[in-house]
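As a plain string of letters, each chain reads:
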Amino acid sequence: GESVGLHLPTLSVQEGDNSIINCAYSNSASDYFIWYKQESGKGPQFIIDIRSNMDKRQGQRVTVLLNKTVKHLSLQIAATQPGDSAVYFCAVSGYSTLTFGKGTMLLVSP
Amino acid sequence: DAGITQSPRHKVTETGTPVTLRCHQTENHRYMYWYRQDPGHGLRLIHYSYGVKDTDKGEVSDGYSVSRSKTEDFLLTLESATSSQTSVYFCAISEAIRDRLNYGYTFGSGTRLTVV
């Protein structure tokens, strides 16, 4: 089965910095990847996704990079704001279920 | 959360009692999921459903059963609750084509279950 790792429990940044959160996966057949944001007391919220036929996808202040060769993906947040403070999870799909990483807590200080 | 609700939001129950958590959706999605979230373990799949009366086990299904008699409702039952089942439970919905996800899950707000 799939495993999703490279767990950095906490990332602390200053407001305005760029943040990079990393994730690794094990199954080379995985073809769909998603980043979620979870604020305290809430369910995870979709941020951005990417399919295996792409290397990069950009959203508003967020970019996801996919390196299929080394089975690695990353989430980049530009100009990090205090409202970005949350736990971020990557999720990997082979079929109709998602396997989640353990999450990285992003702490943004003013 | 986008047409998905979980009930109850919080529950405290005693060891050995049965507990049922409910997930209700108004999106008419075929796929529904139950995950549990625990510190140090992240989100782990308990059971999921790919249609009415069609369910399958996830990685942590022992001690749990599910039922889906209608498209909109997916029930998770702990037949005899144990302290190890104290957790936050999330329901999620999605769609897939030929068993490949169209897009990511939409999650409910969660149920915090404490077994004492």
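Residues numbered from 1 in each chain as written. Chains lettered and ligands numbered in written order. Predicted model: local features only at pLDDT ≥ 70, side-chain atom pairs only at ≥ 80, totals over all residues. Heavy atoms only, no water.

**Q** Sorry if this is basic, but what is going on with the pattern of salt bridges here?
**A** Here the idea is simple: oppositely charged side chains can pair when their charged atoms come close. This model, assessed by the stated rule, comprises nine salt bridges over all chains. For Asp73 of chain B, the salt bridge goes to Arg22 of chain B, with nearest N and O atoms at 3.1 Å. In this pair, Asp73 of chain B is assigned in strand 8 (residues 73-78) and Arg22 of chain B in strand 3 (residues 19-25), connecting sequence segments 51 residues apart. The residue Arg36 of chain B makes a salt bridge to Asp38 of chain B at a minimum N-O spacing of 2.8 Å. Since its relative accessible area comes to 8%, Arg36 of chain B is described here as buried. Sharing partners across several salt bridges, the network here consists of Lys37, Glu39 and Lys42 of chain A. (Salt bridge = Lys/Arg side-chain N within 4 Å of Asp/Glu carboxyl O. Helix = DSSP H or I, 4+ residues; strand = E, 2+ residues; numbered from the N terminus. Buried < 20%, exposed > 50% of the residue type's maximum accessible area, 1.4 Å probe, protein only.)

**Q** Would you mind showing me how to read the packing of aromatic side chains here?
**A** Each aromatic ring pair is characterised by the separation of its centres together with the angle its planes make. Counting across every chain of the model gives 17 aromatic pairs over all chains. Residues Phe100 of chain A and Tyr35 of chain B carry aromatic rings whose centres are separated by 5.4 Å and whose planes lie at 85° to one another, so their mutual orientation is edge-to-face. Within this pair, whereas Phe100 of chain A is found in strand 10 (residues 98-100), its partner Tyr35 of chain B is found in strand 4 (residues 31-38), the two belonging to separate chains. Geometrically, the ring pair formed by Tyr35 of chain B and Tyr105 of chain B is tilted, given 5.7 Å between the ring centres and 55° between the ring planes. Residue Tyr35 of chain B is found in strand 4, and its partner Tyr105 of chain B is found in the loop between strand 11 (100-101) and strand 12 (106-107); the two are separated by 70 residues along the sequence. (Phe/Tyr/Trp six-rings, centres within 6.5 Å; stacked < 30°, edge-to-face > 60°.)

**Q** Help me out: how do you make sense of the interface of chain A and chain B in this one?
**A** A common way to report how large an interface is uses the accessible area buried once the components associate. With 20 residues of chain A in contact, the opposing surface of chain B contributes 23 residues. Among the residues chain A hides against chain B, the three largest losses belong to Pro44, Ser96 and Phe100 of chain A. Together they make up 30% of the total. For the pair chain A and chain B, the interface holds zero salt bridges. Viewed at the interface, chain B and chain A are joined by six residue pairs in polar contact (both at pLDDT 80 or more). When residues of the side of chain A that touches chain B are traced back to their parent elements, those giving at least two are strand 4 (32-38), strand 9 (86-93) and strand 10 of chain A. Considering each element in turn, the side of chain A that touches chain B owes the most residues, four residues, to strand 4 of chain A. (Contact = heavy atoms within 4.5 Å. Buried area = accessible area lost by both parts, 1.4 Å probe. Polar contact = N/O pair within 3.5 Å; in protein donor to acceptor, adjacent residues only side chain to side chain.)

**Q** Please explain the sheet that holds strand 3 of chain B as it appears in this structure.
**A** Adjacent strands of a sheet form backbone hydrogen bonds with each other and so pair up, either parallel or antiparallel. Residues and elements named next belong to chain B. Pairing within the open sheet is antiparallel, and its four strands lie in the order 1-3-8-7. Edge positions in the sheet fall to strand 1 (4-7) and strand 7 (64-70), since each has one partner strand and no second. Ignoring strand direction, the axes of neighbouring strands in this sheet form an average angle of 20°. Where strand 7 lies against strand 8, five bridges are found, and the strand directions are antiparallel. The residue of strand 8 that forms the bridge with Lys70 is Asp73. (Pairing = 2+ DSSP bridges. Axes fitted to C-alpha atoms, helices over the stretch in contact; angles between N-to-C directions.)

**Q** Could you clarify how one ought to interpret the environment of Gly83 of chain A in this entry?
**A** Residue and element names in this part refer to chain A. Along the chain, Gly83 falls in the loop between strand 8 (72-77) and strand 9. Linking Gly83 and Leu106, residues 23 residues apart in sequence, is a C-alpha distance of 10 Å. Apart from the residues within four sequence positions on either side, Gly83 is in contact with Lys37 and Glu39.

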